[in-house]
Amino acid sequence: MAEPCGAGDSIPLECPGLDTAAGEEFLQEVFQILLEEGVRKSTDVTQKVCDWKEPQELRDLLDLELRSDGEGRERLLQRCRDVLRFSVRTGHPRFFNQLFSGLDHHALAGRFLTETLNTSPYTYEVAPVLVLMEEQVLAKLRELVGWSSGDGIFAPGGSMSNMLAMNVARFRRFPESRSRGNWDLPRLGLFASQESHYSILKGAALLGIGTDNVHLVRTDERGKMIPEELEKEIQRVKAEGSEPLFVCATSGTTVLGAFDPLDAIADVCARHGLWLHVDAAWGGSALLSPRLRHLLAGIHRADSVTWNPHKLLMAGLQCSAFLLRDSSGLLQRCHGVGASYLFQRDKFYDVSLDTGDKSPQCGRRADGLKLWILWKAVGTRGLAQRVERAFGASRYLLEQVKRREGFQLVMEPEFINLCFWFIPPSLRGQENSPQFWEKLGKVAPAIKEKMIRRGSMMVGYQPQGSHVNFFRQIITNPAVTRQDLDFFLDEIQELGWDL
């Protein structure tokens, strides 16, 4: 006769090792905390964007040490509340700090489903629903790019999507590089604009190509790659004995929101036989809008595209699609290893649905599910309206910036990125002073510190080229109203008035 659970000195295996009833009760209480503290308060404009604490104070408040014995339910619930209380509320209508913001309830439901399923969409047998969803979502994104066929995979962020493009481009030109590495290859040349994302440099380092072989092409005054300068750089690199391989054009640069002229760049790539990748992590969602998709004219000529729906579409971090025009299985040939414990060829179903070998990853989040749920909820028209609302909100703010004394545009925006300086009264009329720009460069950091300590809002700033620190305002959250935008300018004016 078996011993009762817990009896004896050995580890009992007759009963489950988890108290599922207590676990479900704990989850129900956590869900209430999530709903109240993580959803309602996070999106409530009367709440603070953040409750700022200095690092050591926060360490003490959180009691981060991990101990031998576990804690009781009430203590754990309080820890959940503390995590939410002391974190930045990125869903807040006055959080403008990143290219992502806001909280979509449907996408959040998709994220809950993803975490609950706790599976990896590498094979159909362990993730049948998720594999088919990913297939459908990627096909729809490719359709919007302008491709009737192709391939793709979800990657852990736009940086990794850009690096996948670099790796696939190298493999297509030099398939032996997969087995023999870079040793027998010529010195390769990669090209991107001066405003391109830093992941191109990181990718060159990671892939062993080398950052010295990334050639940054001059941009015009609006931050767009100049195709004629790209041609010159390619000719120069060839003359130096290197072999040009890859061009990354950008549709929506991180700071200025510039869109490179894709058709002209595609012409250059076609002349030289180069892989054209378009980093549309930020600007790709403009393809959904009939009014704005002209910004990406020519994107259908690209060999590959990066698109991050977790930004402008609010699908939630992270959701990045790497899209490929090739439909010959290039992605599989580049990355596939065919591990026999996962990708058996004699399975009883169509093994072409075992798509995980297309990715360098093994375990991979099912990032397509939240986008699929969001798309089902609002439709393509609803997503387009979201993009157009963000654009309209930025245009309202642009007009207000032009009207207000002390606010000066860095340049007219092409997209949603609104870049400007606030000039406090103490510096007005001193534009010709030798110290003016040096002093102005200290204004944005000082104002940001004040707003974060107050918890009123959050917005990014940075220097750019010859420009000293300026604010970059991004609106992606459809919960943002005219009152929030007026408050934004009022708050900057108040916080910077006495600087």
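Residues numbered from 1 in each chain as written. Predicted model: local features only at pLDDT ≥ 70, side-chain atom pairs only at ≥ 80, totals over all residues. Heavy atoms only, no water.

**Student:** Describe the nonpolar core, naming the residues involved and giving the relevant values.
**Tutor:** Leu230, Leu296, Ile299, Val305, Leu323, Leu371 and Phe415 are the most contacted members of the largest nonpolar core, which totals 55 residues. Looking at this core element by element, the count peaks at eight residues for helix H12 (residues 368–403). Core analysis: the next-biggest nonpolar cluster, separate from the first, contains 40 residues, Val401, Cys419, Phe422 and Leu489 among them. (Core = buried A, V, L, I, M, F, W, Y, C linked by side-chain atoms within 4.5 Å. Buried < 20%, exposed > 50% of the residue type's maximum accessible area, 1.4 Å probe, protein only. Helix = DSSP H or I, 4+ residues; strand = E, 2+ residues; numbered from the N terminus.)

**Student:** Describe the environment of His106, with residues and values.
**Tutor:** Tracing the backbone shows His106 in helix H4 (residues 105–117). With 319 residues separating them in the primary sequence, His106 and Pro425 have C-alpha atoms 45 Å apart. Once residues within four sequence positions are removed from consideration, His106 is found in contact with Ile373, Leu374 and Ala377. (Contact = heavy atoms within 4.5 Å.)

**Student:** Break down empty space enclosed by the protein for me, citing the residues and quoting the values.
**Tutor:** Unfilled space is identified by rolling a water-sized probe across the atoms. Taken as a whole and assessed by the stated rule, the structure comprises three cavities of 30 Å³ or more. Space inside the largest cavity adds up to approximately 50 Å³. A per-class count over the lining of the largest cavity returns five nonpolar, two polar and two charged. (1 Å grid on protein atoms, 1.4 Å probe; cavity = no way out; pocket = protein on both sides within 12 Å on 5 of 7 lines; lining within 4 Å. Points joined across faces, edges and corners; volume = space filled by probe spheres on them. Nonpolar A, V, L, I, M, F, W, Y, C, P; charged D, E, K, R; others polar.)

**Student:** Outline the pattern of salt bridges, supporting the account with residue identities and numerical values.
**Tutor:** Going through the model one piece at a time under the given rule, you end up with 40 salt bridges. Between Glu54 and Arg453 there is a salt bridge, with the nearest N and O atoms lying 3.0 Å from each other. Taken together, the positions of Glu54 in the loop between helix H1 (20–40) and helix H2 (55–62) and Arg453 in helix H14 (residues 443–454) put the pair 399 residues apart, joining distant regions of the chain. Of the charged contacts in the structure, one is a salt bridge between Glu134 and Arg364, with a shortest N-O distance of 3.0 Å. Separated by 230 residues along the polypeptide, Glu134 in helix H5 (residues 128–145) and Arg364 in the loop between helix H11 (330–335) and H12 bring together distant segments of the chain. Taken as a pair, Glu134 and Arg364 share a single burial class, namely buried. Residues joined in a network through salt bridges with shared partners are Asp63, Glu65, Arg67, Glu71 and Arg79. (Salt bridge = Lys/Arg side-chain N within 4 Å of Asp/Glu carboxyl O.)

**Student:** Residues and numbers for the sheet that holds strand E12 (residues 467–473), please.
**Tutor:** Strand order in the open sheet formed by five strands is E1-E11-E12-E10-E9, with mixed pairing between adjacent strands. In this open sheet, the two strands that pair with only one neighbour each are strand E1 (95–96) and strand E9 (407–409). Where E1 lies against strand E11 (residues 458–464), two bridges are found, and the strand directions are parallel. Counterpart to Phe95 in the pairing with E11 is Met458. Against the sheet, H14 engages strand E10 (418–422), E11 and E12, with an angle of about 165° to E11. Here helix H15 (residues 482–496) sits on the sheet in contact with E1, E9, E10, E11 and E12, set at roughly 30° to E10. (Pairing = 2+ DSSP bridges. Axes fitted to C-alpha atoms, helices over the stretch in contact; angles between N-to-C directions.)

**Student:** Residues and numbers for the pairing of strand E6 (residues 275–279), please.
**Tutor:** Put simply, side chains in a regular strand alternate between the two faces of the sheet. Counting buried positions over the five residues of E6 gives five, a clear majority of the element. As paired elements, strand E5 (residues 243–250) and E6 share five bridges and run parallel to each other. If you follow Thr250 over to E6, its bridge partner there is Asp279. In this fold, E5 hands off to helix H10 (residues 262–272), which returns the chain to E6; that crossover is right-handed. Across three bridges, the pairing between E6 and strand E7 (residues 304–307) is parallel. Across the sheet, Val278 pairs through a bridge with Val305, a residue of E7. (Right-handed = clockwise from strand over helix to strand, strands pointing away.)

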